[in-house]
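Architecture at a glance
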Amino acid sequence: MARQAIAFFLVPIIFVVSSVAALSIDLSNAAFAPSGATTSIPVGHVEFCRSRPLECGRNEALVPAVALDQALWTELLTINARFNAEVQPVSDDDLYRVPEYWTYPNGAGDCEDYVLVKRRALLDAGWPASTLLIAVVKQTNGAGHAVLMARTDRGDLVLDNLAGEILLWSKTPYQYLKRQSQADAGKWVNLLDERPILVAGSADTTVGVAQP
């Protein structure tokens, strides 16, 4: 934990953090994953929203980014580490006998389930919903994966069940494909990730999608 806290202050953030409010943050900066138009929605999230519509509505109080301080950084580290340790990684095929099923884990789950429970814990801690965004990425082996992006004035920080560290999105080994809309938790937008990422194997992802 101490190593991670030190790493946070040493990570090469690409812009200078000022004392201005989050509303003044330049979201076009490279520390934020650039987004595009509305896109298809992961199948698992469609089903999740059907069963829990109150968790997938429009964000009336839209906060562009949280002003990160030491207390909030510690909160991110604690919640990420807690659920990475508590939840046993198990595929939906093995756990539910279906290819894709998003839900809160009961001791076990796959990547989307880690994301959901971390997001809920941060919401319960007071983080605005518009700053906690589920994202779909492609791993270097071509497989699909889901992570939680915490949008802060330091940039988009990634909580990942495959890694203990919390890093800027651009410092993780993924190609970013799409994420939840900040304005509406039930809609998704493209991520315009044009960084050169070496991907081995198939280009297909394992996270199913449905049309919006």
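Structure report, in brief. Here the residue numbering is sequential within each chain, running from 1 through the sequence in written order. Local features in this predicted model are restricted to residues whose pLDDT is 70 or higher, and side-chain atom pairs enter the listing and the counts only when it is 80 or higher, whereas totals over whole chains, interfaces and linings include all residues. Just so you know, side-chain values use all the structure's heavy atoms and leave hydrogens and water out.

1. Some words on the sheet that holds strand β1 (residues 35-39)
Rule in force here: We call two strands paired when DSSP finds no fewer than two bridges between them. Where helices and strands are cited, they refer to DSSP runs of H or I of at least four residues and of E of at least two residues respectively, numbered from the N terminus.
Pairing is antiparallel across the open sheet formed by 7 strands, whose spatial order is β1-β10-β9-β5-β6-β7-β8. Single-partner strands in this sheet number two, and they are β1 and β8 (167-168). In terms of strand pairing, β1 meets strand β10 (residues 188-191) through 3 bridges, oriented antiparallel. Considered in β10, the bridge of T39 is made with W188.

2. Overview of the packing of aromatic side chains
Heads up, the rule is: Aromatic rings from Phe, Tyr and Trp, taking only the six-membered ring of Trp, are treated as a pair when their centres fall within 6.5 Å; an angle between ring planes under 30 degrees marks them as stacked, one over 60 as edge-to-face, and anything in between as tilted. In this scheme, a residue with accessible area under 20% of its type's maximum is buried, one over 50% is exposed, and one in between is partly exposed, where area comes from a 1.4 Å probe on protein chains only.
Following the criterion strictly, the structure yields 5 aromatic pairs and no others. With 6.4 Å between their ring centres and 70 degrees between their planes, W102 and W188 make a pair best called edge-to-face. On the criterion of sequence distance, the pair formed by W102 in the loop between α4 (92-96) and β4 (108-109) and W188 in strand β10 is long-range, its members being 86 residues apart. The class of W102 is buried, set by a relative accessible area of 2%. Judged by centre distance (6.5 Å) and plane angle (65 degrees), the rings of Y174 and Y176 are edge-to-face. For Y174, a relative accessible area of 6% gives the class buried.

3. Concerning the pattern of salt bridges
Just so we agree on the cut-off: Throughout this description, the term salt bridge denotes a Lys or Arg side-chain nitrogen within 4 Å of a carboxyl oxygen of Asp or Glu.
Evaluation of the coordinates by the stated rule reveals 4 salt bridges. One salt bridge in this structure joins E86 and R82, with 3.2 Å as the shortest N-O distance. Linking E86 with R82, this pair stays in helix α3 (residues 70-86), spanning 4 residues, or about one helical turn. Exposure remark for E86: the relative accessible area of 47% places this residue in the partly exposed category. Classification of R82 as partly exposed rests on a relative accessible area of 44%. With a shortest N-O distance of 2.7 Å, R195 and D193 are connected by a salt bridge.

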